[in-house]
Amino acid sequence: MNADQLLGLLRQIIDPGDPAVRERAADELTDWTRSYSAAETITLATVLSATAARETSHLALEAQLHALLELTSTGHVEVAHMAHLREIDLAELPAELRGYLADLDRT
């Protein structure tokens, strides 16, 4: 992944206007999980964690959490890289999304 590709993906992940763009970016990210370097994987996980902590769309949040699970499978992502997930209020989430967070907490 070159710098332009990484920055383009990050821009889509944090798109402030359209949750569908954020959802699609998280979905596309999972297609290339094994092609990212360790540094790129950590960067993507950290940014996804912060984005997920402020996500207003449950569909986009689900895609972000799924992408985080995929990134953790690389072995490069540590709990500290996803620290922003602790900011999510579990009481406001459907059970399925709480399940994703429980799975991430076990990684």
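Up top is the structure.
Residues numbered from 1 in each chain as written. Predicted model: local features only at pLDDT ≥ 70, side-chain atom pairs only at ≥ 80, totals over all residues. Heavy atoms only, no water.

S.K.: Mind showing me how you'd approach the overall build of the chain here?
M.R.: Each helix and strand counted, the chain has 5 helices and 0 strands in total. Against the 2.2 N^0.38 benchmark of 13 Å for 107 residues, the chain shows a C-alpha radius of gyration of 13 Å, consistent with a compact globule. Dimensions of the chain along its principal axes, counting C-alpha atoms only, are 40 × 30 × 20 Å. Out of the 107 residues belonging to the chain, those deemed buried represent 40%. Expressed as a percentage of contacts within the chain between residues at least 6 apart in sequence, the contacts between residues at least 24 apart total 67%. Carbon and sulfur atoms make up 53% of the accessible area of the chain, which totals about 5,900 Å². Placing the 8 positive and 18 negative side-chain charges of the chain at their respective mean positions leaves the two points 3 Å apart. (Helix = DSSP H or I, 4+ residues; strand = E, 2+ residues; numbered from the N terminus. Rg over C-alpha atoms; globule rule 2.2 N^0.38 Å. Buried < 20%, exposed > 50% of the residue type's maximum accessible area, 1.4 Å probe, protein only. Contact = heavy atoms within 4.5 Å. Areas by Shrake-Rupley, 256 points an atom, 1.4 Å probe, with all protein chains shown as cover. Lys, Arg positive; Asp, Glu negative; His and termini not counted. Charge placed at Lys NZ, Arg CZ, Asp CG, Glu CD.)

S.K.: So what exactly am I meant to see when it comes to helix 2 (residues 19-31) here?
M.R.: One full turn of an α-helix is made of 3.6 residues, so residues set three or four places apart face in the same direction. With 13 residues, helix 2 ought to run about 18 Å at 1.5 Å a step, and its terminal C-alpha atoms sit 19 Å apart, in line with that. For helix 2, the set of buried residues is Val-21, Arg-22, Ala-25, Ala-26, Leu-29 and Thr-30. Packing partners of the buried residues in helix 2 comprise helix 1 (3-13), helix 3 (38-54) and helix 4 (58-72). At the N-terminal end of helix 2, a side-chain oxygen is found 2.9 Å from the backbone nitrogen of Ala-20, two or three residues along, and the residue is Asp-18. (Expected span 1.5 Å × (residues − 1). Polar contact = N/O pair within 3.5 Å; in protein donor to acceptor, adjacent residues only side chain to side chain.)

S.K.: Could you clarify how one ought to interpret the nonpolar core in this entry?
M.R.: Most often, soluble globular proteins keep nonpolar side chains buried together rather than apart. Core analysis: the largest hydrophobic core is formed by 28 residues, its most contacted members being Leu-29, Leu-44, Leu-65 and Leu-85. When contributions to this core are tallied by element, the ones reaching two or more residues are helix 1, helix 2, helix 3, helix 4 and helix 5 (95-105). Among the elements that line this core, the one with the most residues is helix 4, at 6 residues. When residues no more than four places from it in sequence are discounted, the contact partners of Leu-65 are Ala-52, Leu-85, Leu-97, Tyr-100, Leu-101 and Leu-104. (Core = buried A, V, L, I, M, F, W, Y, C linked by side-chain atoms within 4.5 Å.)

S.K.: Can you help me understand helix 1 in this one?
M.R.: Those residues of helix 1 that fall on the buried side of the exposure criterion are Leu-6, Leu-9, Leu-10 and Ile-13. Angularly, the buried residues of helix 1 cover 100 degrees about the axis, an arc narrow enough to put them on a single face. What points out from helix 1, more than 90 degrees from its buried face, is the exposed set Asp-4 and Arg-11. In this fold, the buried residues of helix 1 make contact with helix 2 and helix 3. (Arc of directions from axis to C-beta.)

S.K.: Sorry if this is basic, but what is going on with the packing of helix 1 against helix 2 here?
M.R.: Packed helix pairs are characterised by how far apart their axes lie and by the angle those axes make with each other. For the pair helix 1 and helix 2, interaxial distance at closest approach is 7 Å and the crossing angle is 135 degrees. The orientation of helix 1 with respect to helix 2, classified from their angle, is oblique. When helix 1 is examined against helix 2, the residues Leu-9, Gln-12 and Ile-13 are found in contact with a partner set consisting of Val-21, Arg-22, Ala-25, Glu-28 and Leu-29. Of the residues in the contact of helix 1 with helix 2, the class split is 5 nonpolar, 1 polar and 2 charged. (Axes fitted to C-alpha atoms, helices over the stretch in contact; angles between N-to-C directions. Parallel < 35°, antiparallel > 145°, perpendicular 65-115°, else oblique. Nonpolar A, V, L, I, M, F, W, Y, C, P; charged D, E, K, R; others polar.)

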